[in-house]
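Each chain is listed here by its residues.
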Amino acid sequence: MMGMAYRDKDIFASLCQKMLPVLEEKKQRLGRKLRFMEVCGTHTVSFSKTGVREVLADYVDLVSGPGCPVCVTDQSDMDQMIAFAKRSDTIVATFGDMMKVPGSYSNLYKEKADGAEVRIVYSPSQAVEIARQNPQKQVVFLGVGFETTVPSIALSIRKAEREKVRNYFVYSAHKLTPPALQPLIQDPTHQLDGFLLPGHVSVIIGRKGWNLLESLNEPAVIGGFEPIDLLTSIYLLTLEMNKERRSVVNNYSRMVRENGNEKAQELLKEIFEVDSVKWRGFGILPNSGLRMNAAYQSYDALTNLPVDRPVTKGIKGCRCGEIVKGKETPFGCPLFAKACTPENPIGPCMVSSEGTCSTYYQFERGK
Ligand code: SF4
């Protein structure tokens, strides 16, 4: 199939005729609905936006996972970023979606209003430009994101190195996706029948990058974002459940290769090393993040720009920590759509357009 065909209504309808009875049969056999986690925030949005969530609702409960980078960034990381912004000699450069994410006492938006130099950029290389134009300042780029965003940040460090820009630094709060799924699979209180794996991350790490899930024999399908991708991925997940020996199925082969993007992987290895880092809701997860390696320490904001970081405290009443683990839905948060709205977000899951609370606010209320 080519491009638009993945949205073709007639093909979708005929696939429904074939696939939904298989889901129904599985549901009957289990005596309950199937329960799959979509790991990626873009999938959460796509299921709602395309209406596929509703098509599947009689058979499948879809649970959102830790796939929104802003949402899984720990509160202590937010405090660290805000502390950088408070340095009088420092310009903080960030993607716009970080501006309203709450730290324990403030957010970047408020700091900017109070006079801090916080600039929104569309790419990390823009931050290198800001550094070049402001040699008397230190410029910190806030590195938040999964395997998909890290290559562009690695390239910005290479650019700074090549162009001898010495006042450019990165705060690396980057996360690796597969290690976050292990505790969810191994949690005996979590009833999950399988995982819809993020297409974008898989483009970088490849089908092979999900070996961990294969070794845990967990049903898992890599999927794209169009209606037919979503439907067929859920169908394939159901088929995987029936198998004794599961493998990670690549249902996004028009974009995802077995070995992923090896160039991007090399670039990451050159500049970063794997570390155990803290995730919102999960705590410290082994080998789940990226820190600058020894050779690139001179670009590491954490090592080079000391700050006084306040004692981190949680956000009162916010259930984001449970939502990113799929243990709670936004409807379970008493603040959802009352005190907490996209205009006045209390937690990160409402700030980010890919956050589960923001998606449910936009598409799922009143259904
Ligand atoms: Fe947090 Fe707001 Fe979501 Fe509640 S609705 S979990 S306060 S982001």
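Refer to the structure presented above.
As the structure is a prediction and not an experimental result, all values here were calculated from the model.

(A) Broad picture of the state of the cysteines. Taken as a whole, this structure holds one disulfide when the rule is applied. The partner cysteine of Cys68 in its disulfide is Cys71, sulfur to sulfur 2.2 Å. One disulfide, between Cys68 and Cys71, carries an S-S torsion of 70 degrees and so falls in the right-handed class. Comparing Cys68 with Cys71, the two get one shared label, buried.

(B) Spotlight on helix 7 (residues 124–133). Residues of helix 7 that are buried: Pro124, Ala127, Val128, Ile130 and Ala131. Along the long axis of helix 7, the arc covered by the buried residues comes to 155 degrees, so they all point the same way. Residues of helix 7 that are buried in the fold lie against strand 3 (90–94), strand 4 (117–120), strand 5 (138–143), helix 8 (150–162) and strand 6 (168–172).

(C) The arrangement of the sheet that holds strand 7 (residues 174–175) in detail. The strand order 7-12-11 describes an open sheet built from three strands, whose pairing is antiparallel. Strands at the two margins of the open sheet, each flanked by one partner only, are strand 7 and strand 11 (272–279). Both strand 11 and strand 12 (residues 283–292) contribute to a ladder of seven bridges, which runs antiparallel. Paired with Asp275 across the bridge in strand 12 is Gly289. Packed onto the sheet, helix 13 (residues 262–271) meets strand 11 and strand 12 and runs at close to 80 degrees relative to strand 11.

(D) A look at the site of the ligand. Inspection of the region around the ligand gives Cys318, Arg319, Cys320, Ile323, Cys333, Leu335, Phe336, Cys340, Ile346, Gly347, Met350 and Cys357 as its neighbouring residues. Tallied by class, the residues present in the shell around the ligand amount to ten nonpolar, one polar and one charged.

(E) Examining helix 13 more closely. Turning to helix 13, its buried residues number three or more, namely Ala264, Leu267, Leu268 and Ile271. The arc that holds the buried residues of helix 13, viewed along the axis, is 100 degrees, so those residues lie on one side. In helix 13, the exposed positions that point more than 90 degrees away from the buried face belong to Glu266 and Lys269. Tucked inside the fold, the buried residues of helix 13 contact helix 8, helix 10 (199–205), strand 11 and strand 12. Residue Asn261 occupies the N-cap position of helix 13, its side-chain oxygen lying 3.2 Å from the main-chain nitrogen of Lys263.

(F) Representation of the environment of Ser125 within the structure. With respect to the helices and strands, Ser125 occurs in helix 7. On a C-alpha basis, the gap between Ser125 and Pro334 in space is 41 Å, while along the polypeptide they are 209 residues apart. Those residues in contact with Ser125 that lie beyond four places of it in its chain are Ser156 and Lys159. Side-chain polar atoms of Ser125 contact the side chain of Ser123, separated by 3.1 Å.

(G) Fine view of empty space enclosed by the protein. Under the counting rule described, the total for this entry stands at two cavities of 30 Å³ or more. Forming the walls of the largest cavity are 13 residues, and the residues nearest its centre are Cys318, Cys333, Cys340, Gly347 and Cys357. Elements that contribute at least two residues to the lining of the largest cavity include exactly helix 15 (320–323) and helix 16 (348–351). Reported here for the second largest cavity is a volume of approximately 30 Å³. Lining of the second largest cavity is provided by Tyr171, Ser172, Arg291, Met292, Asp300 and Leu302. For the lining of the second largest cavity, the secondary structure elements donating two or more residues are strand 6 and strand 12.

(H) Quick peek at the nonpolar core. In this structure, Phe195, Leu197, Trp210 and Leu213 are the most contacted members of the largest nonpolar core, which totals 64 residues. The element best represented in this core is helix 5 (residues 75–86), accounting for five residues. The residues contacting Leu213, other than those within four sequence positions of it, are Leu181, Ile185, Phe195, Leu197, Glu218, Ala220 and Val248. Residues Phe95, Val121, Val170 and Phe272 belong to the second largest nonpolar core, which totals 27 residues.

Calculation rules
- Residues numbered from 1 in each chain as written.
- Predicted model: local features only at pLDDT ≥ 70, side-chain atom pairs only at ≥ 80, totals over all residues.
- Heavy atoms only, no water.
- Disulfide = S-S within 2.5 Å.
- Buried < 20%, exposed > 50% of the residue type's maximum accessible area, 1.4 Å probe, protein only.
- Helix = DSSP H or I, 4+ residues; strand = E, 2+ residues; numbered from the N terminus.
- Arc of directions from axis to C-beta.
- Contact = heavy atoms within 4.5 Å.
- Pairing = 2+ DSSP bridges.
- Axes fitted to C-alpha atoms, helices over the stretch in contact; angles between N-to-C directions.
- Near = heavy atom within 4 Å.
- Nonpolar A, V, L, I, M, F, W, Y, C, P; charged D, E, K, R; others polar.
- Polar contact = N/O pair within 3.5 Å; in protein donor to acceptor, adjacent residues only side chain to side chain.
- 1 Å grid on protein atoms, 1.4 Å probe; cavity = no way out; pocket = protein on both sides within 12 Å on 5 of 7 lines; lining within 4 Å.
- Points joined across faces, edges and corners; volume = space filled by probe spheres on them.
- Core = buried A, V, L, I, M, F, W, Y, C linked by side-chain atoms within 4.5 Å.

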